[in-house]
Amino acid sequence: MTMTKTVLVLCTHNACRSQLAQALLEHELAPAVRAISAGTQPAGEVPAEVFAALRLAGLPADGLVPKSLDAVLDEPVELVVTVCDDAKESCPVFPRPVPRLHVAFPDPMGQPLARFLEVRDEIRARLVPAVRQALDAERGARP
């Protein structure tokens, strides 16, 4: 029986990259993965282009809002993924050791929708397999 793993995706503002990654991981790796996201300095809102990029890929986009790290620190996280260099540098210490993965993507904020689509597709191509591999490796390391 496979247990659902919680993956926390961190970014600086939790507005673009981490929101796209959360939706993609939830879709591509379900039911084995539950994805959540947060920011080290959360923005006020998720840009409309993120919602559009997800909907154009046929992915649900409801309920995406920027969250602070404090909102998720008590979650039972099995893997922390940073998707920007700033978040990697300021990644918090968790109450217990948590494996980490860093895969950086360019920030599409303030750019045309086409750039959001490129970042979405890059996240799907690079991050989803990296998370799958990291979780498989972690499962293999346990007795």
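In what follows, the accompanying structure is described. This structure is a prediction, so every number in the text was calculated from the model and none was measured.

### Re the sheet that holds strand β1 (residues 5–11)
Adjacent strands of a sheet pair through backbone hydrogen bonds, lying either parallel or antiparallel. Within the open sheet, the four strands sit side by side as β2-β1-β3-β4. Their pairing is parallel. Two strands lie at the open edges of the sheet, namely β2 (33–39) and β4 (100–102), each paired on one side alone. Geometrically, the sheet is characterised by an average inter-axis angle of 25 degrees between neighbouring strands, direction not taken into account. Where helix α1 (residues 17–29) meets the sheet, it contacts β1 and β2, and its direction lies at approximately 175 degrees from that of β2.

### Remarks on α1
For an α-helix the count is 3.6 residues per turn, leaving residues at separations of three or four pointing the same way. For α1, built from 13 residues, the straight-helix expectation of 18 Å at 1.5 Å per residue is met to within 8% by its first-to-last C-alpha distance of 17 Å. Of all the 13 residues making up α1, ten are buried; the element is thus mostly covered by neighbouring parts of the structure.

### Quick look at the environment of Ala23
With respect to the secondary-structure elements, Ala23 resides in helix α1. Residues Ala23 and Ile36 lie 13 residues apart in sequence; the distance between their C-alpha atoms is 8.7 Å. When neighbours within four sequence positions are excluded, Ala23 is seen to be in contact with Leu54 and Pro60.

Thresholds applied
- Residues numbered from 1 in each chain as written.
- Predicted model: local features only at pLDDT ≥ 70, side-chain atom pairs only at ≥ 80, totals over all residues.
- Heavy atoms only, no water.
- Pairing = 2+ DSSP bridges.
- Helix = DSSP H or I, 4+ residues; strand = E, 2+ residues; numbered from the N terminus.
- Axes fitted to C-alpha atoms, helices over the stretch in contact; angles between N-to-C directions.
- Contact = heavy atoms within 4.5 Å.
- Expected span 1.5 Å × (residues − 1).
- Buried < 20%, exposed > 50% of the residue type's maximum accessible area, 1.4 Å probe, protein only.

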